[in-house]
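Tertiary structure, described
Residues per chain, in single letters:
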Amino acid sequence: MAGMALGFAAYFGDFWAFLLVLGLGVVGLVVGCSLEGDYGPGDFVRHRDRQQRIRDDRRRTRGDWQF
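These remarks concern the structure in this document. (Residues numbered from 1 in each chain as written. Predicted model: local features only at pLDDT ≥ 70, side-chain atom pairs only at ≥ 80, totals over all residues. Heavy atoms only, no water.)

Some details on the overall build of the protein
Worth spelling out the cut-off: Counting from the N terminus, the helices are the DSSP runs of H or I reaching at least four residues and the strands are the DSSP runs of E reaching at least two. Using a 1.4 Å probe on the protein chains alone, a residue whose accessible area is under 20% of its type maximum counts as buried, one over 50% counts as exposed, and one in between counts as partly exposed. Each accessible area is a Shrake-Rupley result for a 1.4 Å probe, and residues are judged covered by the shown protein chains and nothing else.
On a plain count of helices and strands, the protein comes out with three helices and zero strands. Ordering the α and β elements of the protein from the N terminus gives α-α-α. Each of the 67 residues in the protein was classed as buried or not, and the buried ones make up 4%. As presented, the protein carries roughly 6,100 Å² of accessible surface, and 63% of it is formed by carbon and sulfur atoms.

Quick word on the packing of aromatic side chains
The condition that has to hold: Any two rings among Phe, Tyr and Trp, with Trp reduced to its six-membered ring, count as a pair given centres within 6.5 Å; such a pair is stacked if its planes are under 30 degrees apart, edge-to-face if over 60, and tilted if neither.
Inspection of the entire model under this criterion finds three aromatic pairs. A centroid spacing of 5.8 Å and a plane angle of 15 degrees characterise the contact between Phe 8 and Phe 12, whose relative ring orientation is stacked. Taken as a pair, Phe 8 and Phe 12 lie in helix H1 (residues 2-12) at a separation of four residues, close to a single helical turn. A relative accessible area of 49% places Phe 8 in the partly exposed class.

Right, dumping it as structure tokens:
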């Protein structure tokens, strides 16, 4: 159904309609997965402990920081 919606938006609308339908589909997917319990709010945020931040700061000041 998502492919049909994108196809109709691309055929009858323009590029912006296609992007709008695509964006709404992505938002719907994320909301649906979070309501089902597949994703939690913490899955989209990277957590670091305090000691890891201190080690990263020391590496930056020494100049051996790796990207």
